[in-house]
Amino acid sequence: MNYLDIQHCNMVNGVGLRTVIWVSGCERKCKNCFQPHSHDFCSGIKFDEKAKEELFKDNNTDWCSGITFLGGEPLHPKNINEVINLAKEAKEKFPNKNIWLYTGYTWEEIISNETMAEILKYIDVLCDGPYVDELHNVDLKWVGSSNQSVINVKERIEKITKLKNTIL
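Quick notes on the rules
Residues numbered from 1 in each chain as written. Predicted model: local features only at pLDDT ≥ 70, side-chain atom pairs only at ≥ 80, totals over all residues. Heavy atoms only, no water. Helix = DSSP H or I, 4+ residues; strand = E, 2+ residues; numbered from the N terminus. Rg over C-alpha atoms; globule rule 2.2 N^0.38 Å. Contact = heavy atoms within 4.5 Å. Areas by Shrake-Rupley, 256 points an atom, 1.4 Å probe, with all protein chains shown as cover. Lys, Arg positive; Asp, Glu negative; His and termini not counted. Charge placed at Lys NZ, Arg CZ, Asp CG, Glu CD. Buried < 20%, exposed > 50% of the residue type's maximum accessible area, 1.4 Å probe, protein only. Pairing = 2+ DSSP bridges. Axes fitted to C-alpha atoms, helices over the stretch in contact; angles between N-to-C directions. Expected span 1.5 Å × (residues − 1). Polar contact = N/O pair within 3.5 Å; in protein donor to acceptor, adjacent residues only side chain to side chain.

Asker: Would you mind going over the overall build of the protein with me for this structure?
Answerer: When its secondary structure is counted, the protein shows 5 helices and 7 strands. For the protein, the succession of helices and strands along the chain, N to C, is β-β-β-α-β-α-β-α-α-β-β-α. Relative to the compact-globule value of 15 Å for 168 residues, the protein shows a C-alpha radius of gyration of 16 Å, a close match. For the protein, the spread of C-alpha atoms along the principal axes amounts to about 50 × 40 × 30 Å. Contacts in the protein between residues far apart in sequence, at least 24 positions, make up 62% of those at least 6 positions apart. Of the roughly 9200 Å² of accessible surface on the protein, 52% is carried by carbon and sulfur atoms. Of the charged side chains in the protein, 20 are positive and 24 negative, and the gap between their average positions amounts to 3 Å.

Right, dumping it as structure tokens:
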């Protein structure tokens, strides 16, 4: 996996001050994407142990709320295994920090794909759905178009579980 940047003290891609990693590569190429330079899977820097240390170091501080994964497309087949491993390790090392993930895939696509669904074990907030320029809305918090959702993963899974138990 390549990445474009690791930002520290970011406050626009999740609640609180966060460490943000911008992964490289996205095949969607949404009209007026705000990160078009992230589309090329070969752009950026190869993710390695030094990058992981940089990504994790702020989480040892009180001021850091957690990590956000975005891009590019973190859940693309070329990125997903590395992102899952990083999210899992971050959750194990920093259980009191939260993990956000931005993806062009929808909740429905994620839960119906066994590999993608695994990420839900380790993230707290999922911002899902492709950016749709015709649905752009500056009044939305955390997402750019009205088709996108900000999902509290644990709450959503609990609701689904309760509903299934009620039906059965």
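Asker: Is there a simple way to think about the environment of His37 in this case?
Answerer: Looking at the secondary structure, you find His37 in the loop between strand 2 (17-23) and strand 3 (45-46). Taking the relative accessible area as the measure of exposure, His37 reaches 49% and is therefore partly exposed. Separated by 11 residues in the primary sequence, His37 and Cys26 have C-alpha atoms spaced 9.7 Å apart. Ignoring sequence-local partners within four residues, the contact set of His37 consists of Leu4 and Ser43.

Asker: Even after reading the chapter, I still don't get the sheet that holds strand 1 (residues 2-10), so can you show me in this structure?
Answerer: The strands making up a sheet are joined through hydrogen bonds of the backbone, oriented either antiparallel or parallel. On the basis of which strands lie adjacent, the open sheet formed by 7 strands has the order 3-1-2-4-5-6-7 and mixed pairing. Since the sheet does not close on itself, it has two edges, and those belong to strand 3 and strand 7 (149-152), each with one partner. Bridge analysis of strand 1 against strand 3 gives 2 bridges, and the strand direction is antiparallel. Counterpart to Asn2 in the pairing with strand 3 is Lys46. Helix-sheet contacts for helix 2 (residues 80-93) involve strand 2, strand 4 (64-71) and strand 5 (98-102), and the interaxial angle to strand 5 is about 160°.

Asker: Sorry if this is basic, but what is going on with helix 5 (residues 153-167) here?
Answerer: In an α-helix, one turn spans 3.6 residues, which is why side chains three or four residues apart end up on the same side. An ideal rise of 1.5 Å per residue puts 21 Å on 15 residues; helix 5 measures up with 21 Å between its terminal C-alpha atoms. A distance of 3.3 Å separates the backbone nitrogen of Lys154 from a side-chain oxygen at the start of helix 5, and that oxygen is part of Asn152.

Asker: What should I look at first to understand the pairing of strand 1 in this one?
Answerer: Each regular strand displays side chains that alternate between the two surfaces of the sheet. Pairing geometry for strand 1 and strand 2, over 5 bridges, is antiparallel. Residue pairing in the sheet places Gln7 in a bridge with Val20 of strand 2. The loop that links strand 1 with its antiparallel partner strand 2 comprises 6 residues; one of these, Gly14, has a positive phi angle of about 135°.

Asker: Would you mind showing me how to read unusual backbone geometry here?
Answerer: A negative phi angle is the norm for most residues apart from glycine, just as the trans form is the norm for most peptide bonds. In this model, Cys9 sits at a positive phi of 60°, which is unusual for a non-glycine residue. Residue class for Cys9 comes out partly exposed when judged on its relative accessible area of 41%. A positive phi angle is found at Asn32, which is not glycine, with a value near 60°. Here Asn32 lies in the loop between strand 2 and strand 3.

On their own, these measurements won't tell you what the molecule is for.
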